Every structure is written in C-alpha cells, then in structure tokens.
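# Structural characterization, general
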Amino acid sequence: MQPLVNELGDLSNAEINRYGRHLIMPEFGMDGQRRLKASSVLIIGTGGLGSPLALYLAAAGIGRIGLVDYDVVDETNLQRQIVHGQSSVGVTKVDSAERRLRDLNPFLQIDKYNVPLTSENALEILAPYNVIIDGTDNFPTRYLTNDACVKLGKPNVYGSILRFEGQLSVFYAKEGPCYRCMFPEPPPPGLVPNCAEAGVLGVLPGVIGTMQATEAIKLITGIGQTMVGRMLLYDASDMTFTTIKVRKNPNCPVCGIPHEQVQLIDYEQFCGVPAHDHVPSAAAVNGNGNGKVTDPNAPVKGIDVVQLKALYDSSTPFVLDVRNPEEFEIAIMPDTVKIPKPQIQLAVEDVKAGRKTVEQTVLAQIPRDREVIVHCRSGVRSADVIKLLRQVGWDNDKLINVEGGILAWARQIDTSLPTY
C-alpha cells in the first residue's frame, strides 16, 4: 500500500525520545514517524468513538488534529467518553478534548470546530485534512461525511457502535467502495435506535475507536493492509470478529459519478431524522400553536415539566411513558402508562399495512378522546411516538410531548430521582 502522506516532517530530539518505540520498529522507522508528523486528521465527533481516536492519534504523533463537535460534556458521557472527565462537565467537548490532548502531547496542532457539520460548511472543514474519521452517532452526519469525502477524494475511516456491537471499515472511493455502495439509502426513521435509546457497553467504543485510529495510521504511513473493501463486525457479547467484503457499486449514486458532480443535499430531510439528539426548544416544538396538523412531519405540541406538575396537582392526566423496560427500573413519573416505543411502532406499522395482530392491542390502551401526554428520557422518542400516532388517526390537538422528558422532571421537580 502506498502511503497517503509523502511529506516528511522534521523531528526534534524531544520528539525522537517520545516516539522511540515507533522508531525502532523496522516497518515504521523514522520515515513512518515523520509522515505522521506531517499528516492531518479530522475527527468528526469527540464522544464515544472520538475519545479513544483523539487520545491515541495524539499520542502517536499526528501533527495536526481537527475536532468537530458542538455538544457539551454531560455526566452521562463519562461512562465511555474517556477524553473527558468530571472537571469538564458543562464544558464544550472540543475545549475539554483539547485540554486533555495538549497534556498528552504538547507537539500537536489542534483545530476546533464547535459547530454542527452541515452541507454548507462540510467541504471547507474537511478540505485541509489528509484523513477523515467518522466518529458520529447519527445517519445524517454519516451520509454527509461520506458524500463530502467522495467529492473531495479523501478516505473516510468509518466506525459505529450500539449496545454490544460495532462496525469498522475504510470507505475510499479512489480505491474501493464508499458508504453509499453498501447503504445507498438510510433506514426508515426510528427503525435503528441510537445509543441514547438503546444503550452501549462502555468499553465498546474503545475497541472500535482504537481500530479506527489504527486504520488512520496505516493509511498515512502505507503500513499493512487497510480495511478498504472490507467491513469488520464485532460482537463484544461473545467476542467474535467477522470480516465481510464490500464491493464497489458501479451504479452508486455518489461514487458512481464523477466526483465533481457530487452534490451535498439536505441530509436531515434525506434520512428523516435530525443530526443530533438535542431536545427542541418550546418554540420549535409548539410550532404555530393552532394544533391543526396536515403534515405528518410537522412539529409536535409541547409542555414543560413545570406545566406537567401543575396538571398533576389539579387533575389526573393521562401520561404515556415510551421508554424501554430497563429504564422503568431506573426512574419513573407517577401514574404513567408504560408502552415502549418499539411496541407502538410495530403496532402502527400493522395498522398501516392492514394487518390485525396482537400488537395492535397496545394502541387500544391510548385514548383518542382526551389529552395524551407522552414522555421518554429526554423528549426525542416521545416526539417520534406522537408522529407515529398521528399517522393512524390520533388528533394532534390531544398529543403533547414532555420537553426534556424524565431528565427534566428529575432535575426540576423531583430531585430525589436519579438521572441517566
């Protein structure tokens, strides 16, 4: 394999001392380390995958590292996002990561992009870097990253994680397939849960993230065989690794056309989901406030937890908890009807397909003639459930989303409840 970086950076005596264990490897040597110093890597996301990525690439001696993330550190991140710590809670992730990386290796150049990656800024942000690493957790940014890499002719080191399972590949249209060769269209909205909904084993991103860092180093130095044209499937529950071949699709809608013709689109619309799991503001949730919805994707009505508490004090509201059963054991609101989102989704699909199944009975538990207040952990899944119910006849006037979910309830109303 030819090295991606041919420029050789100069190493000081201090750097030679630091990277000595690389330099004495015959496959690596001085030239390999000098290529790393001359290289630049962009890490999209400084969360579960981005944490080990950033740490190991910084330690390895990558000369320039770009960090793209506009989130802030939350305590729930610390179970897996090891570049951050307790002292960084509330700090922007790029600032937190920079502080740790500079302590790890003072010879780095670190670029911070505390902004969402969008079709408008992606090409400008990605252009200066040799290797792009996808550490994202949502489909819109994943497709955007792929398409931008194809257009710019850059390798995309891909990783994904969920529960006990991880995936790894290198999508590089110059030498093999791109992400769209394997997944030309995104899955239907809501079909694939994210880590906030389904959970993730804390050590899993460490495994996949360090393998992504390995692939980046191999690309830069030309050492070994990369994962171009292959995908690794890892199952931590039984410690199995399976490698499958990924073939280039000559009819791929992105890498099957001249790269200069690739157009970056509205990826949130393309995927039918937002490129983040942030809870929308009250204004965004409430829309125009008239409650008359003809567009099934229109914003849902919202209520904050202070208003919900007032309802509890004055009446007996119907509150629907759509979290997973495991979450019911962590914390619950009073007097709720518990139906997990996957059950509702399956029942709605059966109704739309004209199938009469046992699953449809779950919908009979949800009234149509009174207000239904829906909540989940943070307000994202509950908004999805409201959109599902609207598809099969529920009146938007009577469906209300709890903004911030049970997390907001625990922080503002019942502080005896844990957050997670």
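Our subject is the structure listed above.
First things first, this report covers the structure right here in the doc.

Reading guide: rules and limits
Residues numbered from 1 in each chain as written. Predicted model: local features only at pLDDT ≥ 70, side-chain atom pairs only at ≥ 80, totals over all residues. Heavy atoms only, no water. Disulfide = S-S within 2.5 Å. Buried < 20%, exposed > 50% of the residue type's maximum accessible area, 1.4 Å probe, protein only. Helix = DSSP H or I, 4+ residues; strand = E, 2+ residues; numbered from the N terminus. 1 Å grid on protein atoms, 1.4 Å probe; cavity = no way out; pocket = protein on both sides within 12 Å on 5 of 7 lines; lining within 4 Å. Points joined across faces, edges and corners; volume = space filled by probe spheres on them. Pairing = 2+ DSSP bridges. Axes fitted to C-alpha atoms, helices over the stretch in contact; angles between N-to-C directions. Phe/Tyr/Trp six-rings, centres within 6.5 Å; stacked < 30°, edge-to-face > 60°.

This brings us to the state of the cysteines. Scanning all chains against the criterion turns up 0 disulfides. The thiol sulfur of Cys 255 is not disulfide-bonded, and the nearest other cysteine sulfur, from Cys 181, lies at 3.3 Å. Judged by its relative accessible area of 11%, Cys 255 falls in the buried class.

This part takes up unusual backbone geometry. Where the residue is not glycine, phi is negative for most of them; where a peptide bond is considered, it is trans in most cases. A positive phi is found at Arg 163, a non-glycine position, where the angle reads about 55°. Its place among the elements puts Arg 163 in the loop between strand 5 (156-162) and strand 6 (165-171). Located in the positive-phi region is Asp 335, a residue other than glycine, with phi close to 55°. As for its placement among the helices and strands, Asp 335 is situated in the loop between helix 14 (325-328) and strand 11 (336-338). Residue class for Asp 335 comes out exposed when judged on its relative accessible area of 64%.

Now for the layout of surface pockets. Estimates place the volume of the second largest pocket at around 210 Å³. What lines the second largest pocket is a set of 14 residues, among which Gly 190, Leu 191, Pro 193, Pro 342 and Gln 345 lie closest to the centre. Where the lining of the second largest pocket is concerned, the elements lending two or more residues are helix 9 (195-198) and helix 15 (341-352). Per-element tally for the lining of the second largest pocket: the top contributor is helix 15, with 5 residues.

Glancing now at the sheet that holds strand 1 (residues 40-44). The 8 strands are arranged 3-2-1-4-5-6-7-8 in an open sheet whose pairing can be described as mixed. Both outer strands of the open sheet, strand 3 (109-113) and strand 8 (240-245), are each paired with one neighbouring strand and no more. Going from strand to strand, the sheet's axes swing by 15° on average, the running direction of each strand aside. As paired strands, strand 6 and strand 7 (residues 230-235) are joined by 5 bridges and run antiparallel to one another.

Glancing now at the packing of aromatic side chains. Aromatic rings in a pair are described by how distant their centres are and how their planes are angled relative to each other. A complete count under the given rule lists 10 aromatic pairs for this structure. Taking 5.7 Å as the distance between ring centres and 80° as the angle between the ring planes, the aromatic pair formed by Phe 171 and Tyr 179 counts as edge-to-face. Tyr 179 matches Phe 171 in its accessibility class, with the two residues each being buried. Their ring planes at 50° and their centres at 5.1 Å tell us that Tyr 179 and Phe 183 sit as a pair that is tilted. On the accessibility criterion, Tyr 179 (2% relative accessible area) is buried. Assessed through its relative accessible area of 28%, Phe 183 is described here as partly exposed.

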